Amino acid sequence: MARRQRFGAREDVGVVVHRLDLEAVHGEEHGFAPGTRVRRVKAWAVDHFKLAERDAAEHVLQVCGSTDRPPTDTPLHKLVKHGHCELCFDLVPDVRVEG
């Protein structure tokens with residue numbers, strides 16, 4: 001899991017983002033301030049994994065091991081469990097049913 005990083009008086013939230021491609025699962029970790037919104041984490045992941053703009057628009061962050069897809073305006077501190085300072089997300093396709 002992500003390591004805690006201390007910068008001044010605040011602790012960053014260690015975030016790991018996994019991306020599944022055809023060959024393997026790739027995971028990367030990064031530290032974010034507790035008030036960082038989910039949309040910023042996604043933007044970082046899109047940039048880091050070099051997703052095309054069209055592909056990025058079709059993916060969302062989902063909490064690892066769950067079906068929870070927090071709204072993009074959710075601050076990370078609202079998702080971190082008490083006593084922890086780490087999160088894990090999977091970058092998954094946003095499946096939409098058209099009918």
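Counting restarts for each chain, with residues numbered from 1 along the sequence as it is written. Given that this is a predicted model, residues contribute local features only at a pLDDT of at least 70 and side-chain atom pairs are listed and counted only at 80 or more, while totals for whole chains, interfaces and linings are drawn from all residues. The side-chain figures draw on all heavy atoms in the structure; neither hydrogens nor water molecules are used.

Section: the layout of surface pockets
Here the largest pocket is characterised by a volume of approximately 190 Å³. Here a cavity denotes a set of grid points, spaced 1 Å apart and computed over the protein atoms alone, in which a 1.4 Å probe fits but from which it cannot get out, and a pocket denotes an open set meeting protein on both sides within 12 Å along at least five of seven lines; residues with an atom within 4 Å of a point are reported as lining. Lining the largest pocket are ten residues; nearest its centre among them are Leu 79, Lys 81, Glu 86, Leu 87 and Cys 88. A run of DSSP states H or I qualifies as a helix once it reaches four residues; a run of E qualifies as a strand once it reaches two. Both are numbered from the N-terminal end. The leading source of residues in the lining of the largest pocket is strand E6 (residues 86–93), at three residues. A breakdown of the residues in the lining of the largest pocket according to their chemical character gives seven nonpolar, one polar and two charged. Grid points are joined across faces, edges and corners, and a volume is the space filled by probe spheres set on the points. Here the term charged refers only to Asp, Glu, Lys and Arg, the term nonpolar to Ala, Val, Leu, Ile, Met, Phe, Trp, Tyr, Cys and Pro, and the term polar to all other amino acids, Gly among them.

Focus: the environment of Trp 44
Here Trp 44 is to be found in helix H1 (residues 38–48). Exposed residues in this analysis have more than 50% of their type's maximum accessible area, buried residues have under 20%, and partly exposed residues fall in between, with area computed by a 1.4 Å probe over protein chains only. Owing to a relative accessible area of 11%, Trp 44 belongs among the buried residues under this scheme. Contacts are assigned to residue pairs with any non-hydrogen atoms lying within 4.5 Å of each other. Those residues in contact with Trp 44, other than ones at most four positions away along the chain, are Val 17, Glu 28, Glu 29, His 30 and Phe 32.

Let's talk about unusual backbone geometry
Positive phi, normally seen in glycine, also occurs at Lys 50, with a value near 55°. Its place among the elements puts Lys 50 in the loop between H1 and helix H2 (53–57). When its relative accessible area of 71% is taken as the criterion, Lys 50 is described as exposed.

What about the pattern of salt bridges?
We define a salt bridge as a side-chain nitrogen of Lys or Arg found within 4 Å of a carboxyl oxygen belonging to Asp or Glu. Taken as a whole and judged by the stated rule, the model has two salt bridges. The residue Asp 94 makes a salt bridge to Arg 69 at a minimum N-O spacing of 3.6 Å. Of this pair, Asp 94 sits in the segment after E6 while Arg 69 sits in the loop between strand E5 (59–63) and E6, and the two are 25 residues apart along the sequence.

Focus: the nonpolar core
Val 15, Val 17, Val 41, Leu 61, Leu 76, Leu 87 and Phe 89 are the most contacted members of the largest nonpolar core, which totals 18 residues. The set of elements that each furnish at least two residues to this core consists of strand E3 (13–20), H1 and E6. Of the residues forming this core, the biggest block, five residues, is contributed by H1. Among the buried residues, those of types Ala, Val, Leu, Ile, Met, Phe, Trp, Tyr and Cys that are joined through side-chain atoms within 4.5 Å form a nonpolar core.

Concerning the packing of aromatic side chains
Pairing of aromatic rings covers Phe, Tyr and Trp, the last counted by its six-membered ring, and requires centre-to-centre distances within 6.5 Å; plane angles under 30 degrees mean stacked, over 60 mean edge-to-face, and any other angle means tilted. Using the criterion set out here, one finds one aromatic pair in the structure. On the numbers, 6.0 Å between centres and 85° between planes, the contact of Phe 32 with Trp 44 is edge-to-face. Within this pair, whereas Phe 32 is found in strand E4 (residues 25–32), its partner Trp 44 is found in helix H1, the two being separated by twelve residues in sequence. With respect to burial, Phe 32 and Trp 44 carry one shared label: buried.

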